[in-house]
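What follows is the residue order along each chain.
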Amino acid sequence: MKEKIFDSNEFEGILTDKDDQVLILFKNDLVSLKGEKKGTAKHKARINCKLAVYLYRLISSYLVLTHFDKQKSEKEILVKPVEELPFHVKITNWQDKQKLSGPKIEYIRDDEDDEQVIDSDAILSEEWMGRQSLTELRRNSLKINVVLTDFFKRRGLDLTTLQLRFGKIDENLGVCRPITFDRCELKEIDGSQQYDYAALNRNSDKTDGLYQTLDERIIF
């Protein structure tokens, strides 16, 4: 069995026989915000994989580097190996059902027990990256947010929050985790339905229907 190099609620990364490729396998697991597995959704892995591939190609067309190589199956992709930064980027466009005057960007360090918001000074003092690279990360995060906000709006949806992970890809900064429905929160423009993590990870008969609805509506 190949070695896992990361394992999240929606996918896992597995080493392959090639030094320049990592396999990402998407999961059907439904996991609560507390990390408890609540069941599975039959189509979740396939739909999240399909969305991730589509969005990798979309943001790449705007000259944002990603680690994506190619799709291997309906639930698997191959990516380049990456030295991930020890924090992710969270962008908030809507808060308390109100649209913010501009996107709020936060850097969140991933610890085993907690997610801690950190500032630019902490990133620089830890020497995780230099000031120029941090400026590039922020610029690319905001660019992706604009691209995806427009992408979803044309499908009748508001992008309320977005999570991005960056890392070094051949010494260059790029996106290094798939963007799935677990990593972006959406709502109907008229406010009638929210597609957030909690709604899409309930152990109910409605969950699979929500994924299929989003699939048919978003990825033509």
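Residues numbered from 1 in each chain as written. Predicted model: local features only at pLDDT ≥ 70, side-chain atom pairs only at ≥ 80, totals over all residues. Heavy atoms only, no water.

Engineer: Please clarify how the sheet that holds strand β3 (residues 22-26) should be interpreted in this entry.
Structural biologist: Sheet strands pair by backbone hydrogen bonding; their relative direction is either parallel or antiparallel. If you walk across this open sheet you meet the five strands as β1-β2-β3-β7-β6, and the pairing is antiparallel. Both outer strands of the open sheet, β1 (4-7) and β6 (68-73), are each paired with one neighbouring strand and no more. For this sheet, the mean angle separating the axes of adjacent strands, direction not counted, is 20°. In the packing of helix α1 (residues 44-60) onto the sheet, the strands contacted are β3, β6 and β7 (76-79), and the crossing angle to β6 comes to about 150°. (Pairing = 2+ DSSP bridges. Helix = DSSP H or I, 4+ residues; strand = E, 2+ residues; numbered from the N terminus. Axes fitted to C-alpha atoms, helices over the stretch in contact; angles between N-to-C directions. Contact = heavy atoms within 4.5 Å.)

Engineer: Which parts of the structure should I look at to understand the packing of aromatic side chains?
Structural biologist: Counting across every chain of the model gives eight aromatic pairs. Seen from their ring centres, F6 and F11 are 6.1 Å apart, and the 85° between their planes marks the pair as edge-to-face. The pair F6 / F11 is uniform in exposure class, with both members buried. Seen in terms of ring centroids, Y56 and F68 are 5.1 Å apart; in terms of plane orientation they differ by 15°. Their pairing is stacked. Residue Y56 is found in helix α1, and its partner F68 is found in strand β6; the two are separated by 12 residues along the sequence. Since its relative accessible area comes to 3%, Y56 is described here as buried. Site record: aromatic cluster; members linked through ring pairs are F6, F11 and F26. Of note, R177 hangs over the ring of F6, and the distance from its end group to the ring centre comes to 4.0 Å. (Phe/Tyr/Trp six-rings, centres within 6.5 Å; stacked < 30°, edge-to-face > 60°. Buried < 20%, exposed > 50% of the residue type's maximum accessible area, 1.4 Å probe, protein only. Lys NZ or Arg CZ within 6 Å of the ring centre and 35° of its normal.)

No statement about biological role is implied by the geometric values presented.
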